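Chain and residue survey
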Amino acid sequence: MKRLEFLRYATLGQYLPGDSRIHRLDPRIKLVAFGLIVAAVTFSNAYLANGILLLAILLLLGLSRLPLGYGLQSARLALPALVILALFQLVMPARQFGTGATCAIIWQWRLLQLTDCTLRLIVVSTARLIALLVLTNLLTFTTKTSDLATGVEDLLAPLQRIGVPAHELALTLSIALRFVPTLALQMERVVKAQTARGADFGASSRFQVIKTTRRLLPLLVPLFVGGLRRSERLALAMEARCYTGGRGRSRRTRARAGLTDYVALIAVGAFCAAMWVIDFGALDRALWLWLAGAR
Amino acid sequence: MARATTQQKQPLIQIADLHHRYGEAGERPIEALRGVSLTVQPGEFVAIVGANGSGKTTLARHLNALLLPSQGEVHVDGLSTARAAHWPTIRSQVAMVFQQPEDQLIATTVIDDVAFGPENLGLPPTEIERNVQCALRTVGLWELRHRPPHLLSAGQQQRVAIAGALAMAPRCLVLDEATAMLDPAGRREVLALLKRIHAEGTTIVMITHHMAETALAERVIALADGRLAFDGTPRRLFVDPARVSRLGLEPPPVTALAHRLAQRWPGFPTDLLTPEELANTLAKRIAPNGTSALVPSMPHQNGRLSIHVKDAHYTYLAGTPLATKALNGVNARIHPGEIVALVGATGSGKSTLLQMIAGLLSPSIGQVLLEGTDLDAWARDRRTLSQQVGILFQRPEEQLFEPYVGDDVAFGPRQIGLDRATVRERVRWAMEQVGLPFLTYKDRFTQSLSGGERRKAALAGVLALRPHLLLLDEPTAGLDPRTRRELLATLRHLNQEGELTIVLATHNMDDVAALAHRVYVLAKGRIAHQGPTRRVFSRSERLHKLGLEVPAVTSIMTALRRRGLRVPATVLTLEEAERVLGARLAPSPVHALEGRPT
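Residues numbered from 1 in each chain as written. Chains lettered and ligands numbered in written order. Predicted model: local features only at pLDDT ≥ 70, side-chain atom pairs only at ≥ 80, totals over all residues. Heavy atoms only, no water.

On to the overall build of chain A, then. Counting its secondary structure elements, chain A contains twelve helices and two strands. Written out in order from the N terminus, the α and β elements of chain A read α-α-α-α-α-α-β-β-α-α-α-α-α-α. Each of the 295 residues in chain A was classed as buried or not, and the buried ones make up 40%. For chain A, restricting intrachain contacts to residue pairs at least 6 apart in sequence, the fraction spanning at least 24 positions comes to 76%. Within the structure as shown, chain A displays about 16,300 Å² of accessible surface, and the carbon and sulfur contribution to it stands at 69%. (Helix = DSSP H or I, 4+ residues; strand = E, 2+ residues; numbered from the N terminus. Buried < 20%, exposed > 50% of the residue type's maximum accessible area, 1.4 Å probe, protein only. Contact = heavy atoms within 4.5 Å. Areas by Shrake-Rupley, 256 points an atom, 1.4 Å probe, with all protein chains shown as cover.)

Residues and elements named next belong to chain B. The pairing of strand β11 (residues 307-316) with strand β14 (residues 365-370) spans five bridges and is antiparallel. Within β14, the position partnered with His313 by the bridge is Ile365. Bridge analysis of β14 against strand β15 (residues 373-374) gives two bridges, and the strand direction is antiparallel. Within the sheet, the bridge partner assigned to Leu370 lies in β15 and is Thr373. (Pairing = 2+ DSSP bridges.)

Now for the interface of chain B and chain A. With 73 residues of chain B in contact, the opposing surface of chain A contributes 55 residues. Summing the contributions of chain B and of chain A, the shared interface buries around 5,800 Å²; its carbon and sulfur component is 54%. Among the residues of chain B in contact with chain A, Asp103, Ile106 and Phe401 of chain B are the three that bury the most area, contributing 11% of the side total. Put simply, chain B and chain A have nine salt bridges between them. In this structure, Glu129 of chain B and Arg252 of chain A form a salt bridge, with 3.5 Å as the shortest nitrogen-oxygen distance. On inspection of chain B and its partner chain A, the count reaches 19 residue pairs in polar contact (both at pLDDT 80 or more). Secondary-structure elements contributing two or more residues to the side of chain B that touches chain A are α2 (87-93), α3 (110-120), α4 (125-138), β11, α13 (382-386), β16 (389-392), α14 (405-415) and α17 (451-463) of chain B. If you tally residues by element for the side of chain B that touches chain A, the top one is α3 of chain B, at ten residues. (Buried area = accessible area lost by both parts, 1.4 Å probe. Salt bridge = Lys/Arg side-chain N within 4 Å of Asp/Glu carboxyl O. Polar contact = N/O pair within 3.5 Å; in protein donor to acceptor, adjacent residues only side chain to side chain.)

Glancing now at the packing of aromatic side chains. All names here are of chain B. On inspection of all chains with the given rule, the structure shows seven aromatic pairs over all chains. Ring geometry for Tyr404 versus Phe445: centroids 5.1 Å apart, planes at 20°, classification stacked. Note that Tyr404 is positioned in the loop between β16 and α14 and Phe445 in the loop between α16 (438-441) and α17, a separation of 41 residues in sequence. Overall, Tyr404 belongs to the partly exposed group, its relative accessible area being 34%. Above the ring of Trp142, the side-chain terminus of Arg145 is found at 4.1 Å from the ring centroid. One residue, Arg466, lies across the ring of Trp429, its end atom 3.8 Å from the ring centre. (Phe/Tyr/Trp six-rings, centres within 6.5 Å; stacked < 30°, edge-to-face > 60°. Lys NZ or Arg CZ within 6 Å of the ring centre and 35° of its normal.)

Turning our eyes to something else, we now look at the packing of helix α6 (residues 79-91) of chain A against helix α7 (residues 116-142) of chain A. Residues and elements named next belong to chain A. The geometry of α6 relative to α7 is characterised by a closest axis approach of 9 Å and an angle of 160° between their N-to-C directions. Taken together, the axes of α6 and α7 are roughly antiparallel relative to one another. Crossing handedness for the pair α6 and α7: right-handed. Contacts between α6 and α7 involve Leu82, Leu85, Ala86, Gln89 and Leu90 from the former and Thr118, Leu121, Ile122, Ser125, Thr126, Leu129 and Ile130 from the latter. Of the residues that constitute the contact of α6 with α7, the class distribution is eight nonpolar, four polar and no charged. (Axes fitted to C-alpha atoms, helices over the stretch in contact; angles between N-to-C directions. Parallel < 35°, antiparallel > 145°, perpendicular 65-115°, else oblique. Left-handed = near helix turned anticlockwise from the far one by under 90°. Nonpolar A, V, L, I, M, F, W, Y, C, P; charged D, E, K, R; others polar.)

Now for a positive patch on the surface. Residue and element names in this part refer to chain B. Side chains of Arg535, Arg539, Arg542 and Lys545 sit close together on the surface and give a patch of like positive charge. With respect to the secondary-structure elements, Arg539 resides in the loop between α20 (533-537) and α21 (540-545). Overall, the relative accessible area of 37% leaves Arg539 in the partly exposed class. (Patch = residues over 30% accessible without salt bridge, like charges linked within 9 Å, V, L, I, M, F, W, Y side chains within 5 Å. Lys, Arg positive; Asp, Glu negative; His and termini not counted. Charge placed at Lys NZ, Arg CZ, Asp CG, Glu CD.)

This part covers the confidence of the model for chain B. All names here are of chain B. Model confidence for chain B is summarised by a mean pLDDT of 87, while 93% of its residues fall at 70 or above. Averaged over each element, pLDDT in chain B is lowest for helix α24 (residues 589-594) (44) and highest for strand β3 (residues 45-49) (96). Note on residues 1-8: pLDDT under 50 across the span, and 13 contacts to partners over four residues away in sequence or across chains. Counting contacts from residues 587-598, a segment whose pLDDT is below 50, to residues more than four positions away or on other chains yields eleven contacts. As scored by the predictor, the complex reaches a pTM of 0.81 and an ipTM of 0.81. (pLDDT = per-residue confidence, 0-100.)

All names here are of chain B. Contact pair α14 / helix α15 (residues 420-433): the axes reach a minimum separation of 9 Å and the direction vectors enclose 120°. Between α14 and α15, the angle is such that the two are oblique. Here α14 and α15 pass one another in a crossing that is right-handed. Taken together, the residues of α15 that come into contact with α14 (itself represented by Val405, Gly406, Val409, Ala410, Pro413 and Arg414) are Val423, Arg426, Val427, Ala430 and Met431. Of the residues that constitute the contact of α14 with α15, the class distribution is eight nonpolar, one polar and two charged.

Residue and element names in this part refer to chain B. Spatially, β2-β1-β4-β5 is the arrangement adopted by the four strands of the open sheet, whose pairing is antiparallel. Only two strands of the sheet have a single neighbouring strand rather than two, namely β2 (30-40) and β5 (79-80). Inspection of the sheet shows strand β4 (residues 71-76) paired to β5 by two bridges, in the antiparallel sense. Looking at β5, one finds that His75 is bridged to Ser80. The sheet contacts of helix α1 (residues 56-63) involve β1 (13-22), β2 and β4, and relative to β1 the element is tilted by about 125°.

On to a nonpolar patch on the surface, then. Residue and element names in this part refer to chain A. Residues Phe43, Leu48, Ile52, Trp276, Val277, Ile278, Leu283, Leu287, Trp288, Trp290 and Leu291 make up a contiguous nonpolar surface patch of roughly 1,200 Å² in combined accessible area. Elements with a minimum of two residues in the nonpolar patch: α3 (47-63), α11 (259-277) and α12 (280-294). In terms of residue count, the dominant contributor to the nonpolar patch is α12 (five residues). One can find Trp288 in helix α12. Trp288 sits in the partly exposed class, given a relative accessible area of 45%.

Further remarks concern the nonpolar core. Inside soluble globular proteins, nonpolar side chains tend to come together where they are buried. Residue and element names in this part refer to chain B. Core analysis: the largest hydrophobic core is formed by 52 residues, its most contacted members being Val114, Leu136, Ile162, Leu173 and Leu194. By residue number, the principal contributor to this core is helix α5 (residues 154-166), which donates seven residues. With residues near it in sequence (within four places) discarded, Leu136 still touches Val110, Ile111, Val114, Leu141, Trp142, Arg145 and Ala163. Residues Leu449, Ile502, Ala516 and Val550 belong to the second largest nonpolar core, which totals 47 residues. (Core = buried A, V, L, I, M, F, W, Y, C linked by side-chain atoms within 4.5 Å.)

Time to look at the pairing of strand β7 (residues 172-176) of chain B. All names here are of chain B. Burial analysis of β7 places five of its five residues in the buried class, the great majority of the element. Burial along β7 is two-sided: the face carrying Cys172, Val174 and Asp176 and the face carrying Leu173 and Leu175 are both buried. Strand direction decides the pairing type here: strand β6 (residues 94-97) and β7, joined by four bridges, are parallel. When the bridges of β7 are listed, Ala95 appears paired with Leu173. Of the pairings in the sheet, the one linking β7 to strand β8 (residues 203-207) comprises five bridges and is parallel in character.

Now for unusual backbone geometry. Residue and element names in this part refer to chain B. Even without a glycine there, the phi angle at Ala169 is positive, about 50°. You can see Ala169 is positioned in the loop between α5 and β7. On the accessibility criterion, Ala169 (19% relative accessible area) is buried. Here the phi dihedral of Arg395 falls at roughly 45°; this positive angle occurs in a residue that is not glycine. Looking at where Arg395 falls in the secondary structure, it is placed in the loop between β16 and α14.

Moving on, we get to the sheet that holds strand β13 (residues 339-343) of chain B. All names here are of chain B. Taken together, the six strands give an open sheet; going across it, the order is β16-β17-β18-β13-β19-β20, and neighbouring strands pair in mixed fashion. The two strands at the open ends of the sheet, each matched to only one other strand, are β16 and β20 (526-532). Neighbour to neighbour, the strand axes of the sheet diverge by 15° on average, direction disregarded. Relative to strand β17 (residues 469-473), β16 runs parallel, the two being bridged by four bridges. Bridging across to β17, Val389 finds its partner in Leu469. Running at roughly 155° to β17, helix α11 (residues 350-357) makes contact with β13, β16, β17, β18 (501-505) and β19 (518-523) of the sheet.

Rendered as structure tokens:
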């Protein structure tokens, strides 16, 4: 009960005002760069490549002048999940992951065996998830939600002709992010109110599904009813302000990319291209050999 | 914001025999409006009043085509709301501000939010920029234009919402209880703003439960059961107390006092609305000297449970870049049997302190003692603590979750493992206490109750645990006058007969005057001032500076003193005011003035 503060855990979409290089980048450029790095992270399965990517992301975090601990917080919160994931991968070894070569057994105990393939899978998937979490936080911490939404809208605009509702998607994104803190606070209030009435949301036997669900009703009903009421009120307020969808709408401001933005985009593009082109698998093997030789 | 109104001879809004029915086809429809006809001329300031469920909100939503008539017609500037092609014009002409500040702000910065309306109208960017800037300067928030709305106070949020409406350059602004959720300073800000934009030519239609606010309007429309029950000046409405009470309303404090005086002193005028008018009238008829002592109300000593807050600090989101200090070394004591009020502007730490006393937040530094034992130790056993301390949050009616009222009230007693008979007894007792008769209400659907009844049910849910200490956060916010009066009476009864100790956090100083023995004034996480209610309210300038105000009756007395009458400055309630002034009205000066034989 010491820290019943849900906002602490609702960091999704939160914006931390600042004036760093990263903060000032054009949101469209930032989104494209984000996409490129995400692709690079997703397609790299060598140790070295993931190490370099993690370092690059930390460098960006440094450039954004966000407090390091806060930037890494979501990764820290996800740690238990990552450990569980790693254990699963250990029990169900992936024989073909990585190089496609045969897997060498590194360590064995009864039925459990750790091959170099499994090790790679565990290390790389953990690194990837951490990289993606930190990267997402970096994007939302340094970009105003409204900029993010208009960025998405602008990037999707060319697809509007083939029926992609760019404006509606952007608005939905923006409203969703706008209400994350509001809903977290509402949830917190409901939990507190029901706790004060003697409700117990603590541990329960994990096999009594019905009982557990029933126990959550005092939380879920007010949350859903409240959420629906809130969205009804929001829709009404939007309608009262003449909202009828994207058609016929104008915009107060439009982002304009400058020289720095393009330089940043080219740098990120070049970096990701390099990550794609360089054969990190071979470098990894060379590294292993060198390490083995040194020993 | 005002447009040239030279050529407009036609009414701005014209409503003819408006009916509105809610409900799907096949169900029995609920008639919210049953034949309302009225017109609003350009430049008017109209207040709409009525009990909960009288159709006020439904009527307001017809003014800008958010609802369409089931029968009858609504015309805005000559355009019928029935035609969809008219809606953009109508909605930009008649803009709307709602009750919940946080649920009408769409964008993540102030300036983007204000631009939302003009953007929807497809205005060119330069014009949007001009409108937005003009609107934000009008409401005085231009400097804060890059803030995210959730970091503004409720009063500021509501001004953003008004700016968002003004940016569409409307001719009329409709406000649906837009001040109900605000603290006194926020309310003052918004009302002053309305007065100014009205003076600049904008028509204002304002729904309110706050009767003193109707004094701002030139015209009051009262609804009852979906019908027009009154249409005239506020003075004419409040002069007839029987009608006011029949409509489920109550007169503003000044008028109420005038009525009381008129009973003692036949012929005393009752069509008074402002403290100044009352002061002027009284000054002519009252003996300038003479005093009447006031007996302070004392808490009885029979209650149980004492609370001691020792040097409590609390920081939200501690250890993050968003950390905010909410409490900064608070010392407070709650004695058994007392009613204590916590007052202070939004963000002063009232709610935090309340949650701390409930054992829901534990101080980062300092401690809270319940009966001499640290609350953290108590909080380890929630079930025991919940039978000692009950808490009712803001808008508790939104936290009901069981389909049937009786089950919801029974939630707490069942959680602590009471047997069936005891649970039933507890539920019956709690429901009777709050004025929801057990047999009539226990099997009603929770969602079918009115807002006021749901709030009473939520209170019953807490009372059913038979706590010795009850904590309340804004217990009367958003209630209509009658429900508010009933709730206050319930609380007073529970304190006097049930020996329940009560702590309430509130923006409503009249609630404080009606209930509290003692007051803590919070400012920026510290206790700025404390003492018996009467003494705290004797420092009106100081309270004003902290964004608060004194109860309506106290400000009437201040106005009297300003006119040179020697009356006590710390009169809190109508009863006291009547007693103090009545003692000075000896021997029937009206009769003397008018030379009538007795």
